[in-house]
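# A closer look at the structure
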Protein chains: 2
Amino acid sequence: MATVTTLDPKRRKPDTNALDTLVALVAEDLADVNDIIVNRMQSPVALIPQLAGYLIASGGKRLRPVLTLAAAKLCGYQGETHKPLAACVEFIHTATLLHDDVVDESDLRRGQASANAVFGNKSSVLVGDFLFSRAFQVMVEAGSLDVLRILSNASAVISEGEVLQLITQNDTATSEEAYLEVIKAKTAELFAAACRIGAVVAGRPATEEDALRSYGMNLGIAFQLVDDVLDYSAAQARLGKNIGDDFREGKITLPIVLAFRRGDDEERAFWRRTMEDLDQGDGDLERAIALMAKHNALHDSVERARHYVSVARDALGLFPASPVKRALLDVLEFVVDRDY
Amino acid sequence: MATVTTLDPKRRKPDTNALDTLVALVAEDLADVNDIIVNRMQSPVALIPQLAGYLIASGGKRLRPVLTLAAAKLCGYQGETHKPLAACVEFIHTATLLHDDVVDESDLRRGQASANAVFGNKSSVLVGDFLFSRAFQVMVEAGSLDVLRILSNASAVISEGEVLQLITQNDTATSEEAYLEVIKAKTAELFAAACRIGAVVAGRPATEEDALRSYGMNLGIAFQLVDDVLDYSAAQARLGKNIGDDFREGKITLPIVLAFRRGDDEERAFWRRTMEDLDQGDGDLERAIALMAKHNALHDSVERARHYVSVARDALGLFPASPVKRALLDVLEFVVDRDY
């Protein structure tokens, strides 16, 4: 009887945490980025650094700015401009998290009370706006119209994706394609932009820019796919998120798309009641997880993620071997194999 | 017995509406700006143009983009770039309105149901984010780092002002200075930016840029002061807003700052109960308006606005006489004399 499930019983554990290895390779730059972040979230209005600091300090992995730094390193960049730009990526990410938590009415974020739960929805909306504006101020100071173009495009796509997700939220008829469109927009686009601007600051040719964009896009898709699986997995508690958050919100993710399509009429009635009507009682989450297990929905969602990981791996084929390339490739495995 | 009050019984009515005259002077450009607005708020996610269009089409005065067009005309600008930039100003304004209504929990905007009342808070937050991102995309296309700097700074200041307003919201100890700081940030800064970028696109010297910034800043302060007075005036119903909206929210505006400071202990107890505790009953709004009348709080708030209007008038002193200069000066009178 499956109440919780692991991702893949056959998976090999990497010897070291590949993300830690990548972070170590850009550690000096990242320390500077952290200084920029702390410095540029200041405001005479004290609530702004308080609220922003609450979220920014609360244990985020800095995955997106790390990608910008690593991409710049992969491109042999010797300057300093990648650091404020990496801070901008984190600001935009933090602004979207703040607005997401308001839209999702979340109480928890990374295992602690979400900013909106502590400071209120109103402050979260406005401080999100501030961080977003501040990101554009910092980009203007950095003086790169190309990066401004990339990140303003990414921001518009992210909000389109969030609106799309809001519309499809409780619709069990959501197709795999529609789901992918949402996660590409709301997650993968910023990963893609974060990686791409590493090539842009380094002044590398379009082929390398495209390659890094593709790496980021496909990594982002895989990352979100696995994140959505983890919401139903044993490891979720260790992630510090409630198990079944997505289920309770009626958020249609790939495991549900697959279980719904592979289920019989009685099962589909169950999904409609719980996801569309949000009529949920004791044992429903357990039943949802059991149905996912029955139809291999979690396992196959991770298999889908492996496809995008493969595309991301080949995207980096152009770059010569280097420790940072090795680490970027290992992060791909880490993303699908992590259980935390 | 004053239940409602007019701004100033002695005021002279201008023969024509000065704002209409200004709009007429830039009518051709404004038609193009409207086309850009409609065109650039499109998205494959249909809810976005629906929601954005609901607000943008719902009878806004387009005051801010008109100021950009008029400032460019005053500077003798012959190009086209002021049009997309004017559209950006309106996008940023619309984004802040959407987020404002969520934060204020408003049900009405310009006499009809506010976007959040129709489409929900969640969509309003996300479509606000989209319009904001879109504004930056359009600015990047226009290619002016100077304008990007001005509008990203303005956006950051606006959100700081909104947060500051949120903090001071129910505090009767708010000083006139603190109130001014809020309205400078949340309203006047965008007026200032809108005017200033007219000089920037025209490539005019810093003195003209500063003059237009000052005109816009002081016009914006006067505009918001009068707006806050109108919330307690007979004309309010014609504006399509509920009379006493600010009162019900406990929003501390200058009329209340003045009435509180000029009142006796019993009156201050009334303001604390109604504004801080939000403990309001039948007749309280009428009492608030009567206390404002007793202490000339509305009249003197308009007098404060006249001060800023005078500064704005002198700011344009450098520019040679022209129909658009005349209209910009007349708009100043209109702003303090309007009762709608």
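Residues numbered from 1 in each chain as written. Chains lettered and ligands numbered in written order. Predicted model: local features only at pLDDT ≥ 70, side-chain atom pairs only at ≥ 80, totals over all residues. Heavy atoms only, no water.

## Focus: the packing of aromatic side chains
Tallied over the full model, the rule gives 10 aromatic pairs over all chains. With centroids separated by 5.6 Å and ring planes inclined at 75°, the aromatic side chains of A:Tyr54 and A:Phe119 adopt a geometry described as edge-to-face. In this pair, A:Tyr54 sits in helix H3 (residues 47–56) while A:Phe119 sits in helix H6 (residues 115–119), placing the two residues 65 residues apart along the sequence. Between B:Phe270 and B:Trp271, the ring centres sit 5.2 Å apart and the planes meet at 70°, which makes this aromatic pair edge-to-face. With a relative accessible area of 3%, B:Phe270 lands in the buried category. Through a chain of ring-to-ring contacts, the aromatic side chains of A:Phe132, A:Phe136, B:Phe132 and B:Phe136 assemble into a single cluster. The ring of B:Phe260 is capped by B:Arg268, whose NZ or CZ atom sits 5.4 Å from the centre of that ring. Cation over ring: B:Arg287 sits above B:Phe270, and NZ or CZ is 4.9 Å from the ring centre. (Phe/Tyr/Trp six-rings, centres within 6.5 Å; stacked < 30°, edge-to-face > 60°. Helix = DSSP H or I, 4+ residues; strand = E, 2+ residues; numbered from the N terminus. Buried < 20%, exposed > 50% of the residue type's maximum accessible area, 1.4 Å probe, protein only. Lys NZ or Arg CZ within 6 Å of the ring centre and 35° of its normal.)

## Overview of helix H10 (residues 206–230) of chain B
The end-to-end C-alpha distance of H10(B), which contains 25 residues, comes to 36 Å, matching closely the 36 Å that a straight helix rising 1.5 Å per residue would cover. For H10(B), the tally of buried residues reaches 20 of 25 residues, placing the bulk of the element in the interior. (Expected span 1.5 Å × (residues − 1).)

## Looking at the pattern of salt bridges
Once the charged atoms of two side chains with opposite charge are near each other, the side chains can pair. Residues and elements named next belong to chain A. According to the stated counting rule, one finds 40 salt bridges over all chains in the structure shown. For Asp300, the salt bridge is made with Arg262, and the minimal N-O distance between the two is 2.7 Å. Taken together, the positions of Asp300 in helix H16 (residues 297–315) and Arg262 in helix H13 (residues 254–262) put the pair 38 residues apart, joining distant regions of the chain. Judged by its relative accessible area of 34%, Arg262 is partly exposed. If you follow the salt bridges from partner to partner, you end up with Asp29, Asp32, Glu80 and Lys83 in one network. (Salt bridge = Lys/Arg side-chain N within 4 Å of Asp/Glu carboxyl O.)

## Re the relation of the copies chain B and chain A
Each copy of the sequence occupies a distinct position, and chain B is placed on chain A by a rotation of 180° and an axial shift of 0.0 Å, giving an RMSD of 0.0 Å. In short, the pair behaves as if placed about a two-fold rotation axis. Looking at chain B, 100% of its interface residues are interface residues in chain A too, so the copies touch through the same face. (Least-squares fit on C-alpha atoms with pLDDT ≥ 70 in both. Contact = heavy atoms within 4.5 Å.)

## With respect to the interface of chain B and chain A
Of the residues lining the interface, 37 residues belong to chain B; the matching set on chain A comes to 37 residues. Interface area for chain B against chain A, summed over the two sides, is near 3400 Å², with a carbon-plus-sulfur share of 74%. On the chain B side of the interface with chain A, the three residues burying the most area are B:Lys122, B:Leu126 and B:Glu160, jointly 18% of the side's total. Connecting chain B to chain A are zero salt bridges. Scanning the region where chain B abuts chain A turns up 12 residue pairs in polar contact (both at pLDDT 80 or more). Classifying every residue of the side of chain B that touches chain A gives 19 nonpolar, 11 polar and seven charged. (Buried area = accessible area lost by both parts, 1.4 Å probe. Polar contact = N/O pair within 3.5 Å; in protein donor to acceptor, adjacent residues only side chain to side chain. Nonpolar A, V, L, I, M, F, W, Y, C, P; charged D, E, K, R; others polar.)

## Let's talk about the environment of B:Glu189
Residues and elements named next belong to chain B. Along the polypeptide, Glu189 turns up in helix H9 (residues 176–201). Linking Glu189 and Ala222, residues 33 residues apart in sequence, is a C-alpha distance of 12 Å. Other than its neighbours up to four places away in sequence, Glu189 contacts Ala154, Val157, Lys184, Arg213 and Met217. Here Arg213 takes part through its side chain, which lies 3.5 Å from a polar atom of the side chain of Glu189.

## Here we look at the side chain of A:Glu209
Residues and elements named next belong to chain A. Considering the arrangement of structural elements, one finds Glu209 in helix H10 (residues 206–230). Of note is the side chain of Glu209, whose polar atom sits 2.9 Å from the side chain of Arg196. Every residue in contact with Glu209, bar those within four places of it in the chain, is listed here: Arg196, Ala199, Val200 and Arg204.

## A few points about a negative patch on the surface
Residues and elements named next belong to chain A. A cluster of acidic residues, Asp171, Glu276, Asp277 and Asp279, forms a negative patch at the surface. Position of Asp277 among the secondary structure elements: in the loop between helix H14 (265–276) and helix H15 (284–294). Exposure remark for Asp277: the relative accessible area of 56% places this residue in the exposed category. (Patch = residues over 30% accessible without salt bridge, like charges linked within 9 Å, V, L, I, M, F, W, Y side chains within 5 Å. Areas by Shrake-Rupley, 256 points an atom, 1.4 Å probe, with all protein chains shown as cover. Lys, Arg positive; Asp, Glu negative; His and termini not counted. Charge placed at Lys NZ, Arg CZ, Asp CG, Glu CD.)

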